[in-house]
Structure formats: C-alpha cells, structure tokens
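Understanding the architecture of this molecule
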Amino acid sequence: MFTGKTALVTGGSRGIGRAICLALAKRGASIALVYAGNEQKAAETQAELTLLGATAKAYRCDVADFAATGELVKAVTADFGGIDLLINNAGITRDGLVMRMSEQDFDDVIAVNLKGAFNLIRHTSAGFLRKKAGRIINVTSVAGLMGNAGQANYAAAKAGLVGLTKTIARELGSRGITCNAVAPGFIRTDMTAGLDARILDTVQQNVPLHRLGEPEDVAGVVTFLCSPDAAYITGQVIQVDGGLRM
Ligand code: NAP
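Bear in mind that the values here come from a model prediction, so they are computed numbers and not experimental data. (Residues numbered from 1 in each chain as written. Predicted model: local features only at pLDDT ≥ 70, side-chain atom pairs only at ≥ 80, totals over all residues. Heavy atoms only, no water.)

**Re the pattern of salt bridges**
Using the criterion set out here, one finds ten salt bridges in the structure. Of the charged contacts, one joins aspartate 84 and lysine 131 as a salt bridge, the two residues approaching to 2.8 Å between their closest N and O atoms. Placement of the pair is aspartate 84 in the loop between helix 3 (66-80) and strand 4 (85-88) and lysine 131 in helix 4 (residues 103-131), with a sequence separation of 47 residues. We classify lysine 131 as partly exposed; its relative accessible area is 38%. Across the pair arginine 198 and aspartate 196 runs a salt bridge whose closest N-O atoms are separated by 3.1 Å. Looking at arginine 198, the relative accessible area reads 63%, which means it is exposed. (Salt bridge = Lys/Arg side-chain N within 4 Å of Asp/Glu carboxyl O. Helix = DSSP H or I, 4+ residues; strand = E, 2+ residues; numbered from the N terminus. Buried < 20%, exposed > 50% of the residue type's maximum accessible area, 1.4 Å probe, protein only.)

**A word on the nonpolar core**
One finds Leu24, Ile31 and Val182 to be the most contacted residues of the largest nonpolar core, which totals 34 residues. Within the residue set of this core, elements represented by two or more residues are strand 1 (6-10), helix 1 (15-26), strand 2 (30-35), helix 2 (39-51), strand 3 (56-60), strand 4, strand 5 (134-139) and helix 9 (215-226). Isoleucine 31 has contacts with Ala7, Cys21, Leu24, Ala25, Leu49, Thr55, Ala56, Lys57 and Phe80, leaving out every residue within four places of it along the chain. Of all hydrophobic cores here, the second largest spans 27 residues; its members include Ala64, Ile83, Leu86 and Leu164. (Core = buried A, V, L, I, M, F, W, Y, C linked by side-chain atoms within 4.5 Å. Contact = heavy atoms within 4.5 Å.)

**Considerations on the sheet that holds strand 1**
In spatial order, the strands read 3-2-1-4-5-6-7; together these seven strands make up an open sheet with parallel pairing. Where the open sheet ends on each side, the last strands, each with one partner, are strand 3 and strand 7 (237-240). Across the sheet, the mean angle from the axis of one strand to that of its neighbour is 20°, orientation sign disregarded. In terms of strand pairing, strand 5 meets strand 6 (residues 177-184) through six bridges, oriented parallel. Within strand 6, the position partnered with isoleucine 136 by the bridge is cysteine 179. Where helix 1 meets the sheet, its contacts fall on strand 1, strand 2, strand 4 and strand 6, and the angle it forms with strand 1 comes to roughly 170°. (Pairing = 2+ DSSP bridges. Axes fitted to C-alpha atoms, helices over the stretch in contact; angles between N-to-C directions.)

Printed below as a string of structure tokens:
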C-alpha cells in the first residue's frame, strides 16, 4: 500500500510512534524515525523495522528546535529522496495543578507537543506542495478535547494541535495534501505507565470498551488516514479512546 513512500514519524522510538512505524513499514513504507535521546529504544525499533524488510533510519532531533528540525528534514530528504507521510507524534507530559505549575513546565510541553508539529509542517510543506501530494497526521489527545485536571499545559498544547490541523487542512487542501489528527484516550505506553493504578482502574471502568488502548489501536487509524482510502478526509480529529468521550 505504501511501497515507494517515506514516512517521517516523530517519537518513533517507543510507544505509539513505534507502533505507527511498524504498521506503516508492514505495508511497504520506508521509515525515518525521530527520537529525543533514548538511543537504545531507537536502535531497537530501527532493527525491528529492518527485520520487516523496510528501509529505516533513526534520527536524533529535538522537535521543539526550529533550526534542528529544518536540518532533519534536509537530511531525511537527502537519505530517502523525499517525504510523503509526516506523523507528528512526539510528545511529553509535565503534569501538575495550575496553581503549582512552573513556567518551564508549561513552556516545555507547548514547545514539544505543539511547536514541534508546527516546525515539522513548516519544513516539509514546500516538498509536499511541489509534489502536490502529502499526508500529515498530528497525534493530539482527548485531553485537548475535554480538558484534564493537572494537565493545563498538555491539554492546551493538544487543543492547539486541533486548530493547527484544521488550519493546515484548509491551507494545503487545494494542492492535494490532507491533514488530520488522531486523539487517543488512555493507551498503554511509558507515558501512562507512571499513572497511579487506581486512576487506570477507574479509567478502565468508565471506558465503554472496558480496557486501556494499545499502541496498535492508534497505529491502525493513522495507517488508514495515510492510505488511499482516506483520500477525501481532511481537517478531522478521530478519537481512538474506547468510547471515553462519546
Ligand atoms: P512515550 O511512550 O512517552 O514516547 C514518547 C516519544 O516521543 C519517544 O519516542 C520520545 O523519544 C519522543 N520525544 C519526546 N520528546 C521529544 C522531543 N523533544 N523531540 C523528539 N522526540 C521526542 O509516548 P506515547 O504514549 O507513545 O505518546 C505518543 C503521542 O501520543 C504523544 O504525542 C502523546 O501526547 C500522545 N498521546 C498518548 C496517550 C497515551 O495514553 N499514551 C494518550 C493521548 C495522546 P525518546 O525515546 O528518545 O525519549
């Protein structure tokens, strides 16, 4: 399905991003995966992708750094001959009630989760426009749609991603480029591993499907949005949350 296409997946070393890399590679895509600093996980995922027969390379880059993401896009374009699918998945949390949240924690979360996606879109869009093709998927969160106590920074960044997605869909749609978002609920990854077991139990009770999501649940929707079957879908936010927010 994606033979001859290159996907740039930020946060591709672990969790949801890793599952997205594997799902796209299984369908023929070449993968440029971006990670922040976990060399071991990045190398493991790159090796898994290579075992699948995919061309894959890991790039260390802070998505919050505008200049560095420009260099990253140049390097990926030189190595792979272009970029067809951009998955803005890298994300961090720095939770705390707003009364106690530091300025740094607010700024860091906005910089990675929101500005990171802007940076990559800004640097890849010229290439997409030249080809008159391209798929952009932003990984937001149900927290950005409903808010979440203790996550003012994260919910604001993820809500910002929704506005960014809808705007990019309008700006680039006439050139055959789509931009959509997926909004996961609670997915079993390192990001949720640190949450109190009681919180996870409560979530599980309240989710209509009565289980946490798996990274593959999100990867399947991202793969669909990258596929020819989704050619007429743009500006949408698709929740992958087991019915948490109906
Ligand atoms: P995760 O397991 O914590 O993995 C985060 C990934 O992002 C890692 O690959 C990490 O690289 C990378 N990353 C972090 N900061 C970065 C930076 N500044 N520059 C480049 N890469 C960076 O997270 P996850 O649970 O898979 O989450 C993936 C996305 O889904 C995030 O945007 C998250 O907000 C969103 N999401 C997750 C859930 C959930 O329940 N898990 C729910 C809703 C939305 P290293 O390995 O090098 O650290």
